[in-house]
Amino acid sequence: MIRYLVKRLALLIPTLFGVVTLVFAMIALSPGDPAQAMLGERANKESVEKLREQLGLDKPLGVQYVNYLKRIAVLDFQNSIKTGQPVIQEIRARFPATIELSIFAMLFAAFFGILIGIVSATHKNTWVDYTSMAGALTGVSMPIFWLGLVLMLIFSIGLNLLPTGGRIDIRMYFTPITGFYVLDSIIYLFKEGNPAYLVSVIKHLILPAVALGTIPLAIIARITRSSMLEVLKQDYIRTARAAGISEHKIIYQYALRNALLPVVTVIGLQFGLLLSGAILTETIFAWPGIGKWIYNAIEARDYPAVQGGIIIIATTFVFINLVVDLLYSVINPKVRLS
Amino acid sequence: MRKVIVVVALLVVAASFTFAGGQAQQPSNTAAMTGPKTGGTLVFGRSGDSVGLDPGRETDGESFYIADNVYETLVAFKPGSTEIIPDLATSWDISSDGLTYTFHLRTGVKFHDGTPFNADAVVYSLGRQFKKDMPAYKNGPWQYWGGMDMDNIVKDVVKVDANTVRITLKKQEVPFIANLAMNFAAIVSPTAAEKWGADFKSHPVGTGPFRFVSWTKDDNIVLERNPDYWGQKAYLDRVIFKVIPDPTARYLSLKKGEVDLIDFPSPQDIPAIKSDPNLKIVQQPGLNVGYLALNVEKKPFDSKLVRQAMNYAINKQEIIDAVYGALGTPAKNPIPPTMWSYNDDIKAYPYDPDMAKKLLAQAGYPNGFATDLWAMPVSRPYNPNAKKVAEIMQAQLAKVGITASIVSYEWGTYLDKTEHGEHQTAMLGWTGDNGDPDNFLFVLLSIPATQIPAQNISFWKNEQFEQLIEKAKVTPNQATRTELYKQAQVIFHEEAPWVPIAHSIVVEPMKKTVEGFVLYPTGKRVFQSVWLDQ
């Protein structure tokens, strides 16, 4: 196990090196002069030159690349052109919001996805199965921004149940501690005995988590269903049934664990999708996270911010998949980590 | 039968509009009678976060929204106009050679941190932006100072006594006073700026009617009433600037009542906002212009007749309806209608394809000609979709025999190539800074602006026009300046170096309970006079 872990961690180095190089290439190869584009209508020769110098764009590409690698190696992402703040500080201010949203979206997607998958598999070719799978197909095909606005129209405007956006009722003047609002509001609950923060935070989380989690939910449901059907065909299930073990026990104790293996892989991969879907969800639901921030940075051609943001997200994704691989052995001891 | 239904339906629609209109008026009238009420929190839903809160450093509108309320300047824009009025300076004298401005400062004013406002604060706030020997200079870059060419205008800013400041200029430049009303020239607390250093941009301290409370990045900024304000104190206890990036989500948030006022609604939502009995709209043309520049250095646009023909051949209303919707109004002059000296006597070229053909024939192009038509790749306030505008123009020009081929490049390249005059015709636009006509006419149409990299991308050089705008630059008398700019617009109209397309319209939807909100042409969002009728 330890040896496997070390090996996997060593493998991360070339992966991350690839990511870092790709990010550099993407910006170096994008057309036009970034300094000129950043300054827009007001650009004059002097200011363009100054900015090129400031960004190091006046040096040869090779030198730029080496300087860039040197900086990334010590986690120096430079200062954002737009705000003048260190990029790493900007990311730290927004990353918890995105992680919190992604976790809740994934919890929602995994719980309901697996549940629907199981029900579909055990009721194969009945109306339950057809309805669930038709629902899943709709879920996968739905554009997030559209789904987000529809959810908002129904639950915020129509039924008046949930807020339209943000992380907490701003009139509460909430002071975050860690930046993870669920955690922070629980701390306040224990410190001050006031549940109002937690209630508001959860209410604000529901719609964006559902909007963001719908596509992964649909994918997880479909994978669970087919994987479950596969497992249910196997000999040991037939033997269990012959032994008279209850169907409930067979499914949830014997079949599910095996059926979950491919599902776990998909959940890991879906995290990447969540981080990209977060851009749209964060925009619609006024969620102050990193997705929207990177989008703005791209629009403003704030290259240090774009580089830093993409590298952090890619690194997170790589690490999540490492954790998922390690989870295999927990779910199925037959998988040997060596 | 069908006809009857249609008529009935129309009547119902008409009736509901009349009703809605009637309801719209009543509450505000009764409210106006009771007078402003103090108290309450206003939530302003806006499209993006501030970049920073040091007025000297920032360049974006969202940052200035906070400065508009926390900071003040020596002179200010009169609410709703581009006229200059006293603010932190009660009066100023201009020397006869126009090179020395002496400002008499308001006394008894204190910054939010208790620091007294005086000549030292003025010298510090402006000096840090150009005096390289001041330690605070390194907290820059001071982009707007450079952007407004202040390095070439201002020689020095010195204290005469505690309440008098003298600014000396390198050259005569009357529009300079309007620069002092801009956010970058705001007076900051020297104590606070020194205490925070480069991080002052997260801890703003000014003299304004509101003071800064907190900032949650990309989420909200909270301001509260300054109880020690020297003038009319703000009515609102608090203002929260809340970021809601998506325009439709912003509108829904207003509809649900979570926010009281929103910025930049999506054009599709405006009819719904207008028919909502709980909402109202305040609107005004923006301080910008979108235009099609005709490069007079290239054939056939060297001919005035051809340029006029282009103006007759393009139907602006069709463009507005298709692209701008409720958020644009046709342009006839190079400056927007909210700017002083706007010449409303000028008659816009009507849409008249026959007249266009006649002029083309006179100019020697009876069968038209072929030209390029450059369209920006990005959406700007003055032109939300240049490529679509280009397609409409293309079809309109075809009707008079002009074959236009649309050209577009990546934004940086586009600007670079147009600055070098590679186009025959190119769309571009301008958003004004200081509300002075010079900021449009000199920047975009003067002879010096034709030097490469050019901002005058029609490369039009007119001596008569030049004399007028040069004279206006050094004439302190406002009435004389107005007259000079009006004459300059007449020449522009006759010579037609552009086809002016449109000015954007700034639309601010809000709850009916929000009273006293005034839009500023310069794009400010000032909440000092705003109160809630609830």
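These numbers were taken from a predicted model, which means no experiment stands behind them.

Caption draft 1: Quick peek at the overall build of chain A. The helix and strand tally for chain A stands at 13 helices and zero strands. Reading the secondary structure of chain A in the N-to-C direction produces α-α-α-α-α-α-α-α-α-α-α-α-α. Seen along its three principal axes, the alpha-carbon backbone of chain A occupies a region of about 85 × 50 × 40 Å. A separation threshold of at least 6 residues defines the contact pool for chain A, and within that pool the share at least 24 residues apart is 73%. Accessible area of chain A: about 16900 Å², with a carbon and sulfur share of 68%. Both charge centroids of chain A, one from 29 positive and one from 20 negative side chains, sit 9 Å from each other.

Caption draft 2: Representation of the sheet that holds strand β4 (residues 89-94) of chain B within the structure. All names here are of chain B. Within the open sheet, the four strands sit side by side as β4-β5-β7-β6. Their pairing is antiparallel. Only two strands of the sheet have a single partner each, and these edge strands are β4 and β6 (154-161). The average angle at which neighbouring strand axes cross in this sheet is 20°, direction not considered. Relative to the sheet, helix α3 (residues 119-127) contacts β5 (100-105), β6 and β7 (164-169), its axis offset from that of β6 by approximately 165°.

Caption draft 3: Broad picture of the pairing of strand β16 (residues 403-407) of chain B. Here strand β15 (residues 370-374) of chain B pairs with β16 of chain B via five bridges, running parallel. The residue of β16 of chain B that forms the bridge with Ala370 of chain B is Thr403 of chain B.

Caption draft 4: Geometry of the environment of Gln362 of chain B. Turning to its location among the elements, Gln362 of chain B is positioned in helix α12 (residues 353-362). Considering only alpha carbons, one finds Gln362 of chain B and Val306 of chain B, 56 residues apart in sequence, at a separation of 8.9 Å.

Caption draft 5: Up close: the side chain of Asp87 of chain B. All names here are of chain B. Position of Asp87 relative to the elements: it lies in the loop between β3 (84-86) and β4. An unpaired buried charge is present at Asp87: no salt bridge exists, and Arg106, the closest side chain of opposite charge, is 5.4 Å distant. Not counting chain neighbours up to four residues away, the residues in contact with Asp87 comprise Glu72, Thr73, Leu74, Val75, Ala76, Arg106 and Trp230.

Caption draft 6: Structural context of the packing of aromatic side chains. Tallied over the entire structure, the rule returns 32 aromatic pairs over all chains. Look at Tyr101 of chain B and Phe103 of chain B: their rings are 6.4 Å apart centre to centre, the planes differ by 20°, and that puts the pair in the stacked class. With respect to burial, Tyr101 of chain B and Phe103 of chain B carry one shared label: buried. Ring centres of Phe241 of chain B and Phe527 of chain B lie 5.7 Å apart, and the angle between their planes is 80°; on these two criteria the pair is classed as edge-to-face. You can see Phe241 of chain B sitting in strand β10 (residues 238-243) and its partner Phe527 of chain B sitting in the loop between β19 (514-515) and β20 (531-532), a full 286 residues away along the chain. Each member of the aromatic cluster is reached from another via a ring pair, and the members are Phe44, Tyr65, Phe241, Phe517 and Phe527 of chain B. Here the basic side chain of Arg167 of chain A rests over the ring of Tyr181 of chain A, its NZ or CZ set 3.8 Å away from the ring centre.

Caption draft 7: Main features of the packing of helix α1 (residues 2-29) of chain A against helix α13 (residues 303-331) of chain A. Residue and element names in this part refer to chain A. Between α1 and α13, whose axes approach to 10 Å, the crossing angle comes to 155°. Regarding the angle of α1 to α13, the classification is roughly antiparallel. Note that α1 runs across α13; the crossing there is right-handed. The residue inventory of the contact of α1 with α13, partitioned by class, reads 20 nonpolar, three polar and two charged.

Caption draft 8: Main features of the interface of chain A and chain B. Every contact between the two is made by 39 residues of chain A and, on the other side, 43 residues of chain B. For the pairing of chain A and chain B, the buried interface totals around 3400 Å² over both sides, and the portion due to carbon and sulfur atoms is 56%. Inspection of the region where chain A meets chain B yields three salt bridges. A salt bridge links Lys217 of chain B to Glu90 of chain A; the nearest nitrogen and oxygen atoms lie 3.9 Å apart. At the boundary of chain A and chain B, one finds seven residue pairs in polar contact (both at pLDDT 80 or more). Secondary-structure elements contributing two or more residues to the side of chain A that touches chain B are α2 (34-39), α5 (87-122), α7 (144-158), α11 (247-284) and α12 (290-299) of chain A. A class-by-class count of the residues in the side of chain A that touches chain B yields 16 nonpolar, 13 polar and 10 charged.

Caption draft 9: Region of the structure containing the nonpolar core. All names here are of chain B. Formed by 74 residues in total, the largest nonpolar core has its most connected members in Leu292, Met393, Met427, Phe465 and Ile501. Apart from residues no more than four positions distant in its own chain, Leu292 is found in contact with Met310, Ile314, Leu373, Met393, Thr425, Ala426, Met427, Pro497, Trp498, Val499 and Ile501. Listed in part, the 73 residues of the second largest apolar core include Leu53, Ala121, Met182 and Phe527.

Caption draft 10: Highlighting the pattern of salt bridges. Under the counting rule described, the total for this entry stands at 32 salt bridges over all chains. One salt bridge in this structure joins Glu494 of chain B and Lys304 of chain B, with 2.8 Å as the shortest N-O distance. Placement of the pair is Glu494 of chain B in helix α17 (residues 478-495) and Lys304 of chain B in helix α10 (residues 304-313), with a sequence separation of 190 residues. For Arg525 of chain B, the salt bridge is made with Glu508 of chain B, and the minimal N-O distance between the two is 3.0 Å. With a gap of 17 residues between them, Arg525 of chain B in the loop between β19 and β20 and Glu508 of chain B in strand β18 (residues 498-511) connect regions that are remote in the sequence. Exposure remark for Glu508 of chain B: the relative accessible area of 0% places this residue in the buried category. Linked through salt bridges whose partners overlap, the residues forming this network are Glu90 and Arg94 of chain A together with Lys217 and Asp218 of chain B.

Caption draft 11: A look at the packing of α5 of chain A against α11 of chain A. All names here are of chain A. Contact pair α5 / α11: the axes reach a minimum separation of 8 Å and the direction vectors enclose 140°. Here α5 lies oblique to α11, going by the angle between them. The crossing of α5 and α11 is right-handed. Taken together, the residues of the contact of α5 with α11 sort by class into 16 nonpolar, five polar and one charged.

Caption draft 12: Up close: the confidence of the model for chain B. Residues and elements named next belong to chain B. Scored by pLDDT, chain B has a mean of 89; 94% of the residues are at 70 or more. A low-confidence stretch, residues 1-31 stays under pLDDT 50, and its non-local contacts, those more than four residues away or across chains, total nine contacts. Reported for the predicted complex are a pTM of 0.84 and an ipTM of 0.83.

Caption draft 13: Fine view of the environment of Phe17 of chain A. All names here are of chain A. You can see Phe17 is positioned in helix α1. What makes Phe17 partly exposed here is its relative accessible area of 46%. For the pair Phe17 and Gly308, spaced 291 residues apart in the sequence, the C-alpha separation amounts to 14 Å.

Caption draft 14: Structural detail: a nonpolar patch on the surface. All names here are of chain A. Together, Phe111, Phe112, Leu115 and Tyr252 line one region of the surface with nonpolar side chains, adding up to about 380 Å² of accessible area. The topology assignment puts Phe112 in helix α5. With relative accessibility at 35%, the residue Phe112 sits in the partly exposed group.

Caption draft 15: Seen up close, helix α6 (residues 127-141) of chain A. All names here are of chain A. Given a rise of 1.5 Å per residue, 15 residues ought to cover 21 Å, and the 21 Å separating the end C-alpha atoms of α6 matches this to within 8%. Taken together, the buried positions of α6 are Val128, Asp129, Ser132, Met133, Ala136 and Gly139. Down the axis of α6, the buried set is contained in an arc of 115°. They therefore lie on one face. For α6, exposure combined with an orientation more than 90 degrees from the buried face picks out Trp127, Tyr130 and Ser141. On its buried face, α6 is in contact with α5 and α9 (196-232).

Criteria and thresholds
- Residues numbered from 1 in each chain as written.
- Chains lettered and ligands numbered in written order.
- Predicted model: local features only at pLDDT ≥ 70, side-chain atom pairs only at ≥ 80, totals over all residues.
- Heavy atoms only, no water.
- Helix = DSSP H or I, 4+ residues; strand = E, 2+ residues; numbered from the N terminus.
- Contact = heavy atoms within 4.5 Å.
- Areas by Shrake-Rupley, 256 points an atom, 1.4 Å probe, with all protein chains shown as cover.
- Lys, Arg positive; Asp, Glu negative; His and termini not counted.
- Charge placed at Lys NZ, Arg CZ, Asp CG, Glu CD.
- Pairing = 2+ DSSP bridges.
- Axes fitted to C-alpha atoms, helices over the stretch in contact; angles between N-to-C directions.
- Buried < 20%, exposed > 50% of the residue type's maximum accessible area, 1.4 Å probe, protein only.
- Salt bridge = Lys/Arg side-chain N within 4 Å of Asp/Glu carboxyl O.
- Phe/Tyr/Trp six-rings, centres within 6.5 Å; stacked < 30°, edge-to-face > 60°.
- Lys NZ or Arg CZ within 6 Å of the ring centre and 35° of its normal.
- Parallel < 35°, antiparallel > 145°, perpendicular 65-115°, else oblique.
- Left-handed = near helix turned anticlockwise from the far one by under 90°.
- Nonpolar A, V, L, I, M, F, W, Y, C, P; charged D, E, K, R; others polar.
- Buried area = accessible area lost by both parts, 1.4 Å probe.
- Polar contact = N/O pair within 3.5 Å; in protein donor to acceptor, adjacent residues only side chain to side chain.
- Core = buried A, V, L, I, M, F, W, Y, C linked by side-chain atoms within 4.5 Å.
- pLDDT = per-residue confidence, 0-100.
- Patch = residues over 30% accessible without salt bridge, like charges linked within 9 Å, V, L, I, M, F, W, Y side chains within 5 Å.
- Expected span 1.5 Å × (residues − 1).
- Arc of directions from axis to C-beta.

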